[in-house]
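Reading the structure
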Amino acid sequence: MAQDVVIVGAGPVGLFLSIELAVAGVKPLVLERLVEPDRTIKAAAVGAVAAEALERRGLAGALDDEQRAAMALMMPALKARFGPGPVKKPGGHFSGLFLIDQGLQRDPERRMRPVPQEALEKILIARATELGIDIRRGITVEGLERDDDGATVQTSAGPLRAKYLVGCDGGRSRVRKLAGFEFPGTDPTITGYQAVVELDAPEKLPTGWHRTPRGLVASGPTPGRVFTAEFNGPPPHRDAPITRAEVEAAIQRVSGTDVKILSMTMATRWTDNARQATTYRMGRVFLAGDAAHVHSPFGGQGLNLGLVDAANLGWKLAAAVKGREHLLDSYTAERHPVAARVLENTRAQVALMRPDPLTSALRAIVSDLMKLPAGNRYFGEMLTGVGIRYDLGDDDPLVGTLAKDQLLTLKGGSEERLYTLMENGGGLFISPLERSLPQGVQVARTQGGPSMLVRPDGCIAWTDASSTSLDDALARWF
């Protein structure tokens, strides 16, 4: 018997996609090659629009708990660097320029959350378990056959039939390769390391990001976390075990100090190849997250990008399982341009970090532009993703944007937050008007104010200032 949806990969993107499907009434099967969750060092924060997608599914409290724990770990280093006064909340950086001022953003409350990826994965695993999602670990994908009705996946545990298959299996996606997706882009130029270490003289590596004549080195604010980048080409042996000696040598070369590593608990290599699948859909096979796009980690945008891929695809895939397949082409149409822009800005960040005098001159000019209110807003919205607007063919500038959370005053005087009303995964019609709507769209009758139709992924699909009718929007999306 065919599974409705099989997801390959139980990282944050695969897990969140499985949650989105389950909330919409479709229980997927998740396959993961690792026997246990990967605990190596990864992203240090969740971007703004990804955090909002998680909050729309009732995970705000869990994120708050992990954020408090992370900030408690970082606070000593932040206090040591910035002094005893109030610590400025993180706004992100562009090419190591920590100039983004949340106070200058259009919506300063829409910000990244300093929740490490390892903590996020724990949250998502717990939620997927609550929803009864079947996650099978220690299973590798070995073959794939596609046809008009679905895909047959050959795995280490035997064949599986899926009506729809989604590759959330990372930058070296087996699904992408077996299905034949094109993956063009630019080749790597950097060898980088990220590690958690104990140093013999940590004062030799001051907290923060430091560009040197030999590359880039960053330390903290989480205790022991170090990051290096050298512009001497990609790692010669990307998959070889990482030794303490090679990480130590990289830190010494870039920092120009003789600091030594006493112990190393985890480490990863990274580079800056930037590639993107030309389409995210081939028939009934889809890609999401790093399987669809890879880039350097500068700006911390990868996790943000992948989780919003999952939010965009999940409800559309659930609708297709129930017979409304026409929504699926909008996934590539909406998400591909967003990732293309991220690839471009990460390439720009690499270019601005190169350790040469010409780059230093350009970097000084970009720094000046970032200090201007309009420039600061431009870089901030680009990195957080809050400037996303899908082209839905409507003249209203709000249509196609992702709705921020807000407090609504409902008819009768009670108050409710927009994201709280969306926790069950359906669409939401906010209006003081009485209106009958299709199944899957909840009505929030307000005491007054404008009307708005919000898709399950938080995208505003219609307002009373739209150039299209509400009936057309409802027919298109629901």
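A brief report on the enclosed structure follows.

Considering the pattern of salt bridges
- Counting across every chain of the model gives 31 salt bridges.
- Between E344 and R347 there is a salt bridge; the shortest N-O distance is 2.5 Å. Of this pair, E344 and R347 both sit in helix α8 (residues 329-353), three residues apart, which is roughly one turn of that helix.
- Overlapping salt bridges bring together E52, D107, E109, R110 and K404 as one network.

With respect to the sheet that holds strand β7 (residues 185-186)
- With antiparallel pairing, the three strands of this open sheet are ordered in space as β7-β13-β16. Since the sheet does not close on itself, it has two edges, and those belong to β7 and β16 (293-294), each with one partner.
- Both β7 and strand β13 (residues 274-276) contribute to a ladder of two bridges, which runs antiparallel. Across the sheet, the residue bridging to T186 is A274, located in β13.
- This element, α8, spans β7, β13 and β16 of the sheet and lies at about 170 degrees to β13.

Quick notes on the side chain of S255
- Structurally, S255 can be placed in helix α6 (residues 244-255).
- According to the relative accessible area criterion, S255 is buried, its value standing at 16%.
- A distance of 2.6 Å separates the side chain of S255 from the backbone oxygen of I251, its partner in a polar contact.
- A polar atom in the side chain of S255 sits 2.9 Å from the side chain of T257.

Here we look at the environment of S466
- Its place among the elements puts S466 in the loop between β22 (460-463) and α12 (470-477).
- Excluding its chain neighbours within four sequence positions, the residues that come into contact with S466 are D394, D396 and V399.
- There is a polar contact of 3.2 Å between the side chain of S466 and the side chain of D394.
- Only 2.8 Å separates the side chain of S466 from the backbone nitrogen of T463, close enough to count as a polar contact.

How each quantity is defined
Residue numbers here run from 1 along each chain, matching the order of that chain's written sequence. pLDDT decides what is reported in this predicted model: residues at 70 or higher carry local features, side-chain atom pairs at 80 or more are listed and counted, and totals for whole chains, interfaces and linings draw on all residues regardless. No hydrogens and no water enter the side-chain calculation; it runs on all heavy atoms of the structure. When a carboxyl oxygen of Asp or Glu is within 4 Å of a side-chain nitrogen of Lys or Arg, the pair counts as a salt bridge. Helical segments are the DSSP runs of H or I of at least four residues, strand segments are the runs of E of at least two, and each set is numbered from the N terminus. If DSSP finds at least two bridges between two strands, the strands pair. Only heavy atoms matter for contacts: two residues are in contact if any of them lie within 4.5 Å across the pair. To define axes, lines are fitted to C-alpha atoms, for helices over the stretch in contact only, and angles between the resulting N-to-C directions are given on a 0 to 180 degree scale. Whether a residue is buried, partly exposed or exposed follows from its accessible area with a 1.4 Å probe, protein chains only, as a fraction of its type maximum: under 20%, in between, or over 50%, in that order. N or O atoms closer than or at 3.5 Å make up a polar contact, with two conditions inside protein: a donor-capable atom paired with an acceptor-capable one, and, for residues adjacent in sequence, both atoms drawn from side chains.

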